[in-house]
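Listed here are the chains, written in short residue letters.
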Amino acid sequence: MIETHLPAIIALTFVLFALLIPLFGLWKEQLCQPLAVLGSGLATAFSLLAFINYLQSGSIRYLFGGWEPPIGIEFVYDGLSGFILLVINSVAFLALIYAKKPGQMEFQGKELAYYALAMLMMLGFNGMVLTGDLFNLYVFLEISSLSSYALISIGNKPAPFAAFRYLIIGTAGGTLYLLGVGFLYTNTGTLNIIDMSAMLPMLVDNSSVVTALILMVVGIGVKAAVFPMHGWLPDSYTYASTPSSTLIAPIGTKVAAYILFRIMLYLFGIELTDAVFPLSYIVGVFACIGIIYGSVMAIAQTEMKRMLAYSSVSQIGYIIMGLSLANPFGFAGALLHVLNHAVMKACLFMIAGNLRYKEGHSNISLFNESYRIKYPWTMASFSVAAISMVGLPPLAGFFSKWYLVLGTIDNSNWIFLAVIIVSSLLNAVYFFRILEKVYMKNPDAEQQPDKAAEIKYDDVSPSMMSPMAIMAVGLIVIGFANAAIVSFLLGIFPM
Amino acid sequence: MDLSIVPLLAILVSLAAVPLILFSSEKPNVREAWTIIAGLIKFSLVLTLLPEAIQGNSVELHLFDIAPGLPFALNADPFGVYFAVIASGLWIFTSFYSIGYMRGAGEKKQTRYFASFAVCLSATIGIAFSANLLTFIVFYEMLTLATYPLVIHNEKREAINAGRKYLAFTLTAGLLLVAASAIIYHYTGTIEFTPGGVFGDIELPRNTMLVVFILFLAAVGVKAGIMPLHGWLPAAMAAPTPVSALLHAVAVVKSGVFAVTRMVGFIFGTDVMAAYGLNDILIVMAGSTIILASLIAFAQDNLKRRLAYSTVGHLSYIVLGVALLTPLGMTGGIMHIAAHATMKITLFFCAGAIYVNLHRTEISNLNGIAKVMPWTMGAFAVGSMGLAGIPPINGFFSKWYLILGSLEGDMIIPVIVLIVSGLLNVGYFFPILYRAYFKKGEGLESYGEASPFMVVPIMITATLSVLFGLFPNLFFNFFDLAVLVSESLFSGGTP
Amino acid sequence: MVDFITGHYAYWFTLSLLCVGLYGIIFKQNLVKKVIGLAIFQVSVVLFFVSIASKWDATVTVIDKNIPVEQVESYLNPLPHTLMLTAIVVGVATLGVAFTLLIAIYNRYGTLDEQELLEKIQ
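Each chain carries its own residue numbering, running from 1 in the direction its sequence is written. To read the labels, note that chains go from A and ligands from 1, taken in the order they are written. A pLDDT threshold of at least 70 governs which residues receive local features in this predicted model, and a stricter bar of 80 or more applies before side-chain atom pairs are shown or counted, although totals over entire chains, interfaces and linings include all residues. Hydrogens and water molecules were not included; the side-chain quantities draw on all heavy atoms of the structure.

Side note on the interface of chain B and chain A
Right, on to step 1. Taken together, the contacts link 33 residues of chain B with 35 residues of chain A.
Right, on to step 2. For the chain B and chain A pair, buried surface summed over both sides reaches about 2900 Å², with 76% attributable to carbon and sulfur atoms.
Right, on to step 3. We count a salt bridge whenever a side-chain nitrogen from Lys or Arg sits within 4 Å of a carboxyl oxygen from Asp or Glu. Inspection of the chain B/chain A interface yields 1 salt bridge.
Right, on to step 4. Counting of polar contacts relies on pairs of N or O atoms within 3.5 Å, with two restrictions inside protein: one atom must be capable of donating a hydrogen and the other of accepting it, and residues adjacent in sequence are counted only when both atoms are side-chain atoms. Our enumeration of links across chain B and chain A arrives at 2 residue pairs in polar contact (both at pLDDT 80 or more).
Right, on to step 5. Only DSSP runs of H or I with at least four residues qualify as helices, and only runs of E with at least two residues qualify as strands; both kinds are numbered from the N terminus onward. Contributions of two or more residues to the side of chain B that touches chain A are made by strand 1 (59-67), helix 6 (133-151) and helix 7 (157-188) of chain B.
Right, on to step 6. Examining the composition of the side of chain B that touches chain A, we find that 15 residues originate from one element, helix 7 of chain B, more than from any other.
Right, on to step 7. Side-chain classes follow a simple rule in which Ala, Val, Leu, Ile, Met, Phe, Trp, Tyr, Cys and Pro form the nonpolar group, Asp, Glu, Lys and Arg form the charged group, and the remainder, Gly included, forms the polar group. Each residue belonging to the side of chain B that touches chain A can be placed in one class, and the counts come to 22 nonpolar, 3 polar and 8 charged. Whether two residues are in contact is decided by their heavy atoms, any of which lying within 4.5 Å being enough. When two components associate, each loses some accessible surface as probed by a 1.4 Å sphere; the sum of these losses over both components is called the buried area.

Next up, the structure:
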């Protein structure tokens, strides 16, 4: 009974808590974070319930107010949206659990605003994933974007400027998307995705439809940080506070990538997308440039969060490249990488946050051997996440690369294959560099007088350690269980 | 008794020892005891698989699907058991030797050393028992990761640079292996190790086959030390001698040539190799490696580096034997895996004993040490004569088969290469023996033989070399196994 | 050719506004002017939507007692208008957030010039 309403319930949970948090927060400030955790926890539970229901009964099309499309707005819960929903809500849940102590340290006194905005942002993301209406997507896009601009600005000194630049570029992107929607509406008279996808094959030669496609891809590409529209990402992720980075980095760009999947594979379908000129291939080329660019820039960074930001640009490239391949293995690889990267990046940002919390900085050139003794669990999680990012089996990261490799071979796309291999090696460089610094004495440093007595175990508290540890263990589990996940993903390939 | 669980247990035994080793870091004797116990259990487990292997049967264990349609599976076939016996048997000797070496040299970080060693052996047995390329890749990468802490053991600048070089070579190799496996999977739909190859009747254009072969060769050639991919091996001599002994004479490099043999016999198949002329490439590369490595060995004054280049040369004996594509040649190559292992490990053990005992590493410093360390140098003489191919040591036996195999295939050049190389071997080993026995030494007055922990394993491995030369089937039926494997690759049938 | 321009003057106007907005966003150094450019950019899209809702001899989308609702050609298309009400609200919210950020930037750095800010942050 409740199952049919689950799509709406998931989104409404966030609305409810976005209202409850200010209410209770004005009464007792300490309640904000637990309420946020409760809200995202409930949403995760509902997402899981909905996913199980989907596996048993199939997709749900939820009509708001009972109005039939194309007049009414609907939420579509199918395999793809269900999968993404589960991923983003679980990661958000863990990120919000983590946020307690770093939040107290980094934005004391602004917790109420922070957690309420976090709820609104998650509402925006969930809405974007679930909605079946193009304009409704724009509305949720802007809801999530505005909340994320505000969340990013709550940070250290340059944060508002980074947020401002993100605002300008992000709003421009959203507006371009809206213009594309306008073009499509002019030609088809409907805004409903399923309805429109039935009409578009008849309009394949219409130049305004092609322009609409390009506008939408560019507009959403800004939010997905596809090269060359990624410029906002490094500053925003670096200067944002630790909880913001942990929350936004794993989720934000993935949802935008999901939208690109919807537009290119579901709304238009791959034949239409490539009908006039090979758009998917061009997108793939840009993705590859982004992969290499991100990896190279990451090597050049000395600050860990900035390195992780450039690494994110690179990893999103993998996902977009998988999309551009438009074959079952590429699709499965890309979506598996959505899951893997969300978990890995969240774990890595948590580790950076732990180091900032304890040491006051996350500057790689200052890492030293004492970290191995002071923060053993943090560094162990880092090793797991790093090995997974490089793509060594049997951890999760290997399998998404394996399927992407199979996808590129299916398309005989040898350049993309070479890009995957080269970038994995580049990843190894910037991750193993940190492992070297932390696990081994610096051979060039002068012999310090033995300070072993001062260095002892000082790892972070459970609220910060458990989400990070759960994610690290999760990487191992996903690696071993990936056959089940991939079979599911291959099954929902839309052709 | 159902043997199918044994391969898995053999792999897991040393992994189970790792936490025990880590927790006994304060009590060295207990810690070392765990290593010895694990080694003995592992060896006995592998021995229980021997009777089946001698009859030509394999013990299979299908664990679970690690990717849809691709199982994580073990298959203890005759070739795998052969390799596993060598690796696990020699580990026991290396463990005793390590105790003597590490304590004699006062090495730090012994816990990390013994724990990494245990993981390496797990990985090596896993490589031996892998049923398909994907399982193989998992253990191959595990071996890379587990050997890294051993290479950078003393954490000096030289060791860390060697470690970086090692990682660069082996990670690239691993990625190329992933790409090559994916391509094979794409064209044939399977990546199981099958005697006679996986191609069956599938024909590919010559260029495609060539590219796939070169990719594979680059991937496995790194660990097998085929020039020009051998660069990491001399650098890795920065590691402690037991590491060089076991890993770079037995585990890592033998995994490489094991992989070459699997590639030639079990993936491509001897018919396909001959049909496309792929073995000619291998013969040329192996032949040049043999000659070049022997020549470079002449120029080395550092004893371990001379032994390193000698290893590079002798690994290519095995590759050459495999590349000849004749039953006798294949047998000779496989026999040389065991022969070189016992002889080279003896030589490395001796080098380590000399270092720990006399603190000497350069050959020009080794005048007259035979008077002080008679047993050690006696074993060294046995090992080096065997490598030069002087009967009755097992090095002669495998070389004899290599020459026979080359004649069987009407090829004269490999015979010439082998004979020249034998002479070169004499050329670079004899000066060492001459110095040690016939020249007067300085500063040796107060020294005696090395610790029994080191000398006893040295004597045992040297004696084994002689015994295996006289009775090739002694204890483990190595010769029968080699013939069995070789026959199976040419008739194209089971096992 | 002339017809191409005069027949679509609404779209040309929208396009020129779009370009003005983009010019402001990209080339103006002062952050407030960038925000103004952004606002113009958003308004041009609103204008586009409203223009596609227009019909000859049609009246505004408020029910007129004299014109029956079924007589569709006498009423402008209401859907783009409703969409644009939402979009205008979104635009206002964006401006609000933008100005809050500008206030924060000014409080921290004392300038609203992009060049100076980039130098101060490095």
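What follows continues from the structure just given.
Thoughts on the interface of chain C and chain A
Right, on to step 1. Listed as interface residues are 34 residues of chain C and, on the opposing side, 31 residues of chain A.
Right, on to step 2. By the criterion of area lost to chain A, the three top residues of chain C are Leu101, Arg108 and Ile121 of chain C, representing 19% of everything that side buries.
Right, on to step 3. In this structure, the connection of chain C to chain A is made through 1 salt bridge.
Right, on to step 4. Of the charged contacts, one joins Glu114 of chain C and Arg165 of chain A as a salt bridge, the two residues approaching to 3.9 Å between their closest N and O atoms.
Right, on to step 5. Our enumeration of links across chain C and chain A arrives at 3 residue pairs in polar contact (both at pLDDT 80 or more).
Right, on to step 6. Looking at the side of chain C that touches chain A, the element that brings in the most residues is helix 4 (residues 78-109) of chain C, giving 17 residues.
Right, on to step 7. Class assignment of the residues belonging to the side of chain C that touches chain A gives a composition of 27 nonpolar, 4 polar and 3 charged.

A look at the packing of helix 8 (residues 206-223) of chain B against helix 12 (residues 278-298) of chain B
Residue and element names in this part refer to chain B.
Right, on to step 1. For the pair helix 8 and helix 12, interaxial distance at closest approach is 10 Å and the crossing angle is 35°. For helix 8 against helix 12, the interelement crossing comes out right-handed. Judged by residue contacts, Met209, Leu210, Phe213 and Leu217 of helix 8 engage Leu278, Ile281, Leu282 and Met285 from helix 12.
Right, on to step 2. Along the lines of polarity and charge, the residues of the contact of helix 8 with helix 12 split into 8 nonpolar, no polar and no charged. Geometry is summarised by axes, namely lines fitted to C-alpha atoms with helices restricted to the contacting stretch, and by angles between N-to-C directions that run from 0 to 180 degrees. Put simply, a crossing is left-handed when the front helix is turned counterclockwise from the back one by less than a right angle, and right-handed when it is turned clockwise.

A closer look at the side chain of Asn482 of chain A
Right, on to step 1. Assignment of secondary structure puts Asn482 of chain A in helix 20 (residues 462-491).
Right, on to step 2. For Asn482 of chain A, a relative accessible area of 0% puts it in the buried group.
Right, on to step 3. With residues near it in sequence (within four places) discarded, Asn482 of chain A still touches Phe399 and Tyr403 of chain A together with Ile66 and Ala67 of chain B. Exposure categories follow from relative accessible area, calculated using a 1.4 Å probe and restricted to protein chains: below 20% of the type maximum is buried, above 50% is exposed, and the middle band is partly exposed.

Considering unusual backbone geometry
Residues and elements named next belong to chain A.
Right, on to step 1. Residues Phe227 and Pro228 are joined by a peptide bond in cis, for which omega reads 5°.
Right, on to step 2. With an omega of -5°, the peptide bond running from Pro393 to Pro394 counts as cis.
Right, on to step 3. Inspection of the secondary structure assignment puts Pro394 in the loop between helix 17 (376-390) and helix 18 (396-410).
Right, on to step 4. Residues other than glycine seldom take positive phi values, yet Ala225 does so here, at roughly 55°.
Right, on to step 5. We classify Ala225 as buried; its relative accessible area is 1%.
Right, on to step 6. Positive phi, close to 55°, is recorded for Ser412, a residue that is not glycine.

Observations concerning the pairing of strand 1 of chain B
Residue and element names in this part refer to chain B.
Right, on to step 1. Should DSSP find at least two bridges between two strands, the strands are taken to pair. In this sheet, strand 2 (residues 70-76) lies alongside strand 1 in antiparallel orientation, the contact comprising 7 bridges. Considered in strand 2, the bridge of His62 is made with Ala73.
Right, on to step 2. Taking the residues that link successive antiparallel strands as the turn, the strand 1-strand 2 hairpin has 2 residues, and the phi of Gly69 there is positive, at about 85°.

What to know about the confidence of the model for chain B
All names here are of chain B.
Right, on to step 1. On a scale of 0 to 100, pLDDT captures the predictor's confidence in every residue. When pLDDT is averaged across chain B, the result is 82; 98% of the residues are at 70 or more.
Right, on to step 2. Put simply, strand 1 is where chain B has its lowest mean pLDDT, 76, and helix 6 is where it has its highest, 88.
Right, on to step 3. Predicted complex metrics record ipTM = 0.93 and pTM = 0.89.

Details of the pattern of salt bridges
Residue and element names in this part refer to chain A.
Right, on to step 1. Under the criterion given, the structure shown has 10 salt bridges over all chains.
Right, on to step 2. The partner of Arg61 in a salt bridge is Glu74, and the shortest N-O contact between them spans 2.9 Å. Taken together, the residues span a long stretch of sequence, with Arg61 in strand 1 (residues 60-63) and Glu74 in strand 2 (residues 74-77) at a distance of 13 residues.
Right, on to step 3. Take Arg61: its relative accessible area is 46%, and that puts it in the partly exposed class.
Right, on to step 4. For Glu74, a relative accessible area of 0% translates into the label buried.

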